[in-house]
Amino acid sequence: MAMRRGGPAVVGAVALAVGVLVVGGGGAAWAGSADLEVHGSVVLSGDLMEVRVTPLNHGPDGVTGASVRLASSAPLADSQQLPGGCARTGEREVVCETGPLAVGVPGEELVVPVRLREGPAEVRLAVDVAWGGGAVDQDRTNDEQRVLVLATGDPYAF
């Protein structure tokens with residue numbers, strides 16, 4: 001399962017996860033206003049949880065990039081094979097970059113296979129917008145989704 005580019009995005013995701021945002025030129029530029037949301041599905045089978053996330057920007061302004069956080073109630077396995085643009089940021093968290101998000105156009109679907117430390121019977125998964133590209137989001141009600149995922153191998157939508 002491949003995802004687009006890696007490299008600097010991983011560094012950005014890690015910096016974001018620890019609350020560090022470095023802005024060149026001595027100050028932050030105004031990035032506008034954007035209403036970001038995430039939806040998708042997740043399948044849990046054994047110790048593998050496959051998360052599919054589609055970000056969407058309702059505007060009014062586009063963003064050059066954002067980050068989505070996947071937080072699991074179950075601990076992650078020590079070894080992960082995450083797609084480019086994703087980084088493990090804690091015992092139960094992964095952050096992935098979205099790339100640019102134009103207004104009203106769904107972003108590229110992120111497909112993130114995550115190995116869990118054990119094969120739990122269920123997992124509570126929270127998916128949220130971790131960083132909105134510096135844009136102000138006046139409607140934070142659609143930034144986070146939560147889903148209970150049973151280890152049935154069936155997809156659960158969020």
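This text follows the structure it describes.
Given the structure is predicted, the values throughout are model-derived calculations rather than measurements.

Caption draft 1: Looking closely at the overall build of the protein chain. Secondary structure assignment for the protein chain yields one helix and nine strands. The helix and strand sequence of the protein chain, counted from the amino end, reads α-β-β-β-β-β-β-β-β-β. Residue burial in the protein chain is summarised as follows: out of 158 residues, 42% are buried. Look at the contacts in the protein chain between residues 6 or more apart in sequence, and 74% of them connect residues 24 or more apart. Counting every atom, the protein chain has about 7800 Å² of accessible surface; 55% of that belongs to carbon and sulfur.

Caption draft 2: Representation of the side chain of Ser33. The topology assignment puts Ser33 in the loop between helix H1 (8-17) and strand E1 (34-45). For Ser33, a relative accessible area of 19% translates into the label buried. Among the polar contacts listed, one links the side chain of Ser33 to the backbone oxygen of Val136, at a separation of 3.2 Å. Contact partners of Ser33, with chain neighbours within four places excluded, come to Gly59, Pro60, Asp61, Ala135, Val136 and Gln138.

Reading the values: the criteria
Residues numbered from 1 in each chain as written. Predicted model: local features only at pLDDT ≥ 70, side-chain atom pairs only at ≥ 80, totals over all residues. Heavy atoms only, no water. Helix = DSSP H or I, 4+ residues; strand = E, 2+ residues; numbered from the N terminus. Buried < 20%, exposed > 50% of the residue type's maximum accessible area, 1.4 Å probe, protein only. Contact = heavy atoms within 4.5 Å. Areas by Shrake-Rupley, 256 points an atom, 1.4 Å probe, with all protein chains shown as cover. Polar contact = N/O pair within 3.5 Å; in protein donor to acceptor, adjacent residues only side chain to side chain.

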